[in-house]
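Here is what each chain is made of, one letter per residue.
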Amino acid sequence: MTKHDKAITLAFTGASGAPYGLRLLECLLAADYQVYLMISSAARVVLATEHELKLPAGPEAAKQALVKHLGCDSEKLMVCGKDDWFSPVASGSAAPKQMVVCPCSAGSLASIAHGLSDNLIERAADVVMKERGQLLLVVRETPFSTLHLENMHKLSTMGVTIMPAAPGFYHQPKSIEDLVDFMVARILDHLGIEQGLVPRWGYDQRN
Ligand SMILES: Cc1cc2nc3c(=O)[nH]c(=O)nc-3n(C[C@H](O)[C@H](O)[C@H](O)COP(=O)(O)O)c2cc1C
């Protein structure tokens, strides 16, 4: 196994949809992935608003708060600060080949589309693109402006997967958790990680 195996970069940015990010983190850790997690300042505000989860600004303290909140194993989770340029995700020589920004704000979408690399989230996305890895952006905004659509189009032509946070209803969700799991299941499918969150269309479910 190389250092790239079963490792993934995850970023929470300041779009609505913190439950998607938290559930994805939980599933990645349960699947025994080494997760390099970054949390933007705006994402911390959203987490506090949507989840009543107040994360401290410091990476280690944020990690401890997340581990407590999720009740997960801390061994495989590394929280990286926004200026932690010595983190593995900052360099193509060490960064995981897969990265998900979930949820992804229109602001981070724009920064990534223009290669700003002004904080570690933007730099990590830039690294994954230049290394021809897999980048998934779970964008959330409504409606989309022409600028948002242009940024998504630009990234899509470069091989980035744009996955709007738009859960389906054909699995007859009964709860918010069902809707969250729908999105997380689609993300895990794209990453090639086995999941049993939602019945697979045409296989596990016949109406
Ligand atoms: C509660 C809350 C909800 C937000 N929802 C969205 C959203 O759904 N989509 C979006 O693009 N921005 C949203 N924003 C605005 C972003 O957080 C803001 O543009 C921020 O600068 C994004 O920074 P980041 O990409 O570094 O996290 C929201 C902000 C707050 C406080």
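The structure this text deals with has already been given above.
Described below are features of the structure shown in this document. Quantities reported herein were computed from a predicted structural model and do not represent experimental measurements.

1. Comments concerning the overall build of the chain
Each helix and strand counted, the chain has seven helices and six strands in total. Going from the N terminus to the C terminus, the chain shows its helices and strands as β-α-β-α-α-β-β-α-α-β-α-β-α. Over its C-alpha atoms, taken along the principal directions, the chain stretches across nearly 50 × 40 × 40 Å. Per-residue burial for the chain yields a buried fraction of 41% across its 207 residues. Restricting to contacts in the chain with at least 6 residues of sequence separation, those with at least 24 account for 72%.

2. Focus on the packing of helix H1 (residues 18–30) against helix H2 (residues 41–51)
Relative to each other, H1 and H2 sit at 95°, their axes nearing to 9 Å. In terms of their interaxial angle, H1 and H2 are classed as roughly perpendicular. Residues Ala18, Pro19 and Leu22 of H1 form the contact with H2, whose participating residues are Val46, Leu47, Glu50 and His51. Its residues placed into classes, the contact of H1 with H2 shows five nonpolar, one polar and one charged.

3. Side note on the nonpolar core
Ranked by internal contacts, the top residues of the largest apolar core, which has 62 residues, are Leu37, Ala124 and Val138. Sequence-distant contacts of Val138, defined by excluding residues within four places in its chain, comprise Tyr20, Val100, Val101, Cys102, Pro103, Cys104, Met163, Ala165 and Ile187.

4. What about the pairing of strand S2 (residues 34–39)?
The side chains of a regular strand alternate between both faces of the sheet. The buried count for S2 comes to five of six residues, which makes it a mostly enclosed element. In terms of strand pairing, strand S1 (residues 7–12) meets S2 through six bridges, oriented parallel. Paired with Ala7 across the bridge in S2 is Gln34. On the question of chirality, the crossover connecting S1 to the parallel S2 by way of H1 is right-handed. Where S2 lies against strand S3 (residues 77–80), four bridges are found, and the strand directions are parallel. Within S3, the position partnered with Val35 by the bridge is Leu77.

5. Quick notes on the sheet that holds S2
Overall, parallel pairing links the six strands, which are arranged S3-S2-S1-S4-S5-S6 in an open sheet. Of all strands in the sheet, those bounded by a partner on one side alone are S3 and strand S6 (161–162). Here helix H5 (residues 120–130) sits on the sheet and contacts S1, S2, S3, strand S4 (98–104) and strand S5 (134–139); the angle it forms with S4, its principal contact strand, is near 135°.

6. What about unusual backbone geometry?
One can expect most non-glycine residues to show negative phi and most peptide bonds to be in trans. Cys102 connects to Pro103 through a cis peptide bond whose omega is -5°. Considering the arrangement of structural elements, one finds Pro103 in strand S4. For the bond from Thr142 to Pro143, the omega torsion is -10°, close enough to zero to count as cis. Backbone geometry at Glu52 places phi at a positive 50°, although glycine is not the residue there.

7. Details of the site of the ligand
Taken together, the neighbourhood of the ligand is formed by 16 residues, with Gly14, Ser40, Ala42, Ala106 and Ser108 sitting nearest. Here the shell around the ligand gets five residues from one element, more than from any other, and that element is H2. Looking at the shell around the ligand, its residues break down into six nonpolar, eight polar and two charged.

8. Looking at helix H7 (residues 176–191)
Between its first and last C-alpha, H7 extends 23 Å over 16 residues, near the 22 Å set by a 1.5 Å rise per residue. Here H7 has its buried residues at Val180, Asp181, Met183, Val184, Ala185, Ile187, Leu188 and Leu191. At its buried positions, H7 is contacted by H1, S4 and S5.

9. Comments concerning the pairing of S5
The element S5 is extensively covered by neighbouring structure, given that five of its six residues are classed as buried. Judged from the five bridges that link them, S4 and S5 form a sheet pairing that is parallel. Its bridge partner being in S5, Cys104 is matched across the sheet by Val139. Read as a crossover between parallel neighbours, the route from S5 over helix H6 (residues 146–157) to S6 is right-handed.

Conventions we followed
- Residues numbered from 1 in each chain as written.
- Predicted model: local features only at pLDDT ≥ 70, side-chain atom pairs only at ≥ 80, totals over all residues.
- Helix = DSSP H or I, 4+ residues; strand = E, 2+ residues; numbered from the N terminus.
- Buried ≥ 20, exposed ≤ 12 C-beta atoms within 10 Å, placed from the backbone.
- Contact = placed C-beta atoms within 7 Å.
- Axes fitted to C-alpha atoms, helices over the stretch in contact; angles between N-to-C directions.
- Parallel < 35°, antiparallel > 145°, perpendicular 65-115°, else oblique.
- Nonpolar A, V, L, I, M, F, W, Y, C, P; charged D, E, K, R; others polar.
- Core = buried A, V, L, I, M, F, W, Y, C linked by C-beta atoms within 7 Å.
- Pairing = 2+ DSSP bridges.
- Right-handed = clockwise from strand over helix to strand, strands pointing away.
- Near = placed C-beta within 6 Å.
- Expected span 1.5 Å × (residues − 1).

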